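# Examining the three-dimensional arrangement
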Amino acid sequence: MTDSTATGPRADGRAHDQLRPVTIERGWSEQAEGSALISFGRTKVLCTASFTNGVPRWLTGKGRGWVTAEYSMLPRSTNDRMDREAVKGKIGGRTHEISRLIGRSLRAVIDTKALGENTIVLDCDVLQADGGTRTAAITGAYVALADAIEWGREKGFIGKKAVALTDSVSAISVGIVKGEPLLDLMYTEDSTAETDMNIVATGRGLFVEVQGTAEGAPFDKAELDRLLELGLAGTAELTRLQRAALGLEGDAIAEALGRIGS
């Protein structure tokens, strides 16, 4: 990854392959079993994890747990005030889509049998939006999820040696703007991109989901490959930041993810 002090051609001075400044404030909420306030530049998302001993009725008695997510944006997270969806009495299609994406992304790195008959709900609330809210939400939600699992273990709801997390997961946006492949698009770039893509990947570099759309001219395989490379480089750096936020170093990372010897 390009050094964070580099001065590049983009409006905020970044190089094409450079993340915005990323911070993860672990344990931001005192009430939640797990939480993280994550910032991708000016985009800020509060992710909280709520742990419940028990599962939805359709899972009762099956010996498996459940992880799900809800996403929302505060009324003034954008330049103009938005009405709260709860007041309108209808959850929008975009909100449903992103909530499902976050849930799928987190379940990709969960062993539901090891989790036991417990439920973890991730709430991702956008405090301020400047592009990449869904990718920031996934990245921050993983940190909150990891802490909620350890809370459940301490309370005796999860086995002491159970490996509920099989890997880490993070997400980043990439796109083609004025013919140039870019990593981690802010709003002004995202809104004018010829190609817009969100990449969700595990800490081992395996893809969980790729959402890509040609907003203008179609893109070819070479451009797709370049965007995927940029995305994996970005998620690798996010994985490092997640591990640092969780205080995991060296072999402790592999042990926590149950991957020693793999």
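Cut-offs applied
Residues numbered from 1 in each chain as written. Predicted model: local features only at pLDDT ≥ 70, side-chain atom pairs only at ≥ 80, totals over all residues. Heavy atoms only, no water. Helix = DSSP H or I, 4+ residues; strand = E, 2+ residues; numbered from the N terminus. Contact = heavy atoms within 4.5 Å. Core = buried A, V, L, I, M, F, W, Y, C linked by side-chain atoms within 4.5 Å. Buried < 20%, exposed > 50% of the residue type's maximum accessible area, 1.4 Å probe, protein only. Pairing = 2+ DSSP bridges. UniProt positions renumbered as here; feature names shortened; annotations may be inferred. Polar contact = N/O pair within 3.5 Å; in protein donor to acceptor, adjacent residues only side chain to side chain. Phe/Tyr/Trp six-rings, centres within 6.5 Å; stacked < 30°, edge-to-face > 60°. Axes fitted to C-alpha atoms, helices over the stretch in contact; angles between N-to-C directions. Salt bridge = Lys/Arg side-chain N within 4 Å of Asp/Glu carboxyl O.

## Details of the side chain of Arg134
The residue Arg134 is located in helix 4 (residues 133–154) in this model. In this view, Arg134 contacts Arg94, Glu97, Ile98, Leu101, Asn198 and Gln211; residues no more than four positions away in its chain are not counted.

## Some remarks on the nonpolar core
Counting residues in hydrophobic clusters, the biggest one holds 55 residues, and the most contacted among them are Ile102, Leu106, Ile120, Leu122, Leu145 and Ile149. In terms of residue count, the dominant contributor to this core is helix 4 (eleven residues). If we skip the residues at most four places from it in the chain, Ile102 touches Ala69, Tyr71, Cys124, Ala137, Ile138 and Ala141.

## Quick notes on the pairing of strand 7 (residues 180–183)
Judged from the four bridges that link them, strand 6 (residues 169–177) and strand 7 form a sheet pairing that is antiparallel. What sits directly across from Val174, in strand 7, is Leu183. Linking two consecutive strands that pair antiparallel, namely strand 6 and strand 7, is a turn of two residues; a positive phi of about 55 degrees is found at Lys178 within it.

## Digging into the UniProt feature "binding site: phosphate" (unreviewed entry) in the protein chain
As recorded in UniProt, the sites labelled "binding site: phosphate" (unreviewed entry) are Arg94, Gly132, Thr133 and Arg134. On the basis of their most widely separated C-alpha atoms, the annotated residues across 41 residues gather in one place, lying no more than 13.6 Å apart. Turning to its location among the elements, Arg94 is positioned in helix 2 (residues 93–107). According to the relative accessible area criterion, Arg94 is partly exposed, its value standing at 39%. Setting aside residues up to four positions removed in sequence, Arg94 forms contacts with Tyr71, Met73, Thr133 and Arg134. A distance of 3.3 Å separates polar atoms of two side chains, one belonging to Arg94 and the other to Tyr71. Within the fold, Thr133 resides in helix 4. Contacts of Thr133, omitting those with residues within four sequence positions, involve Thr43, Val45, Tyr71, Arg94 and Val126.

## Observations regarding unusual backbone geometry
Here Lys178, not a glycine, exhibits a phi torsion of approximately 55 degrees, which is positive. The class of Lys178 is exposed, set by a relative accessible area of 80%. One non-glycine residue with positive phi stands out, namely Asp184, at about 60 degrees.

## Concerning the packing of aromatic side chains
Applying the stated criterion across every chain yields a total of four aromatic pairs. With centroids separated by 5.4 Å and ring planes inclined at 55 degrees, the aromatic side chains of Phe51 and Trp151 adopt a geometry described as tilted. With Phe51 in strand 3 (residues 43–53) and Trp151 in helix 4, this pair connects stretches of sequence that are 100 residues apart. On the basis of relative accessibility, which here comes to 25%, the residue Trp151 falls in the partly exposed class. Seen in terms of ring centroids, Phe51 and Phe157 are 5.8 Å apart; in terms of plane orientation they differ by 20 degrees. Their pairing is stacked. Of the two residues, Phe51 is situated in strand 3 and Phe157 in the loop between helix 4 and strand 6; the sequence distance between them amounts to 106 residues. Note on Phe51: relative accessible area 8%, which makes it buried. Grouped by ring-pair contacts, the aromatic residues Phe51, Trp151 and Phe157 constitute a single cluster.

## Focus: the sheet that holds strand 3
If you walk across this open sheet you meet the five strands as 1-2-3-5-4, and the pairing is mixed. Every other strand in the sheet has two partners, leaving strand 1 (22–26) and strand 4 (66–73) as the edge strands with one partner each. Each strand of the sheet is rotated relative to its neighbour by a mean of 15 degrees, with strand direction disregarded. As paired strands, strand 4 and strand 5 (residues 118–128) are joined by eight bridges and run parallel to one another. Paired with Ala69 across the strands is Leu122, a residue of strand 5. Taken strand by strand, helix 4 contacts strand 1, strand 2 (34–40), strand 3, strand 4 and strand 5, and its axis lies near 30 degrees from that of strand 3. Strand contacts of helix 6 (residues 221–246): strand 1 and strand 2, with the helix running at about 30 degrees to strand 1, the strand carrying the most contacts.

## Details of the pattern of salt bridges
By the definition in use, this model includes 14 salt bridges. One salt bridge in this structure joins Asp130 and Arg42, with 3.4 Å as the shortest N-O distance. With Asp130 in the loop between strand 5 and helix 4 and Arg42 in the loop between strand 2 and strand 3, the pair connects residues that are 88 residues apart, well separated along the chain. Overall, Arg42 belongs to the partly exposed group, its relative accessible area being 49%. One continuous salt-bridge network, built from bridges that share partners, spans Arg10, Asp12, Arg14, Arg20, Asp184 and Glu189.

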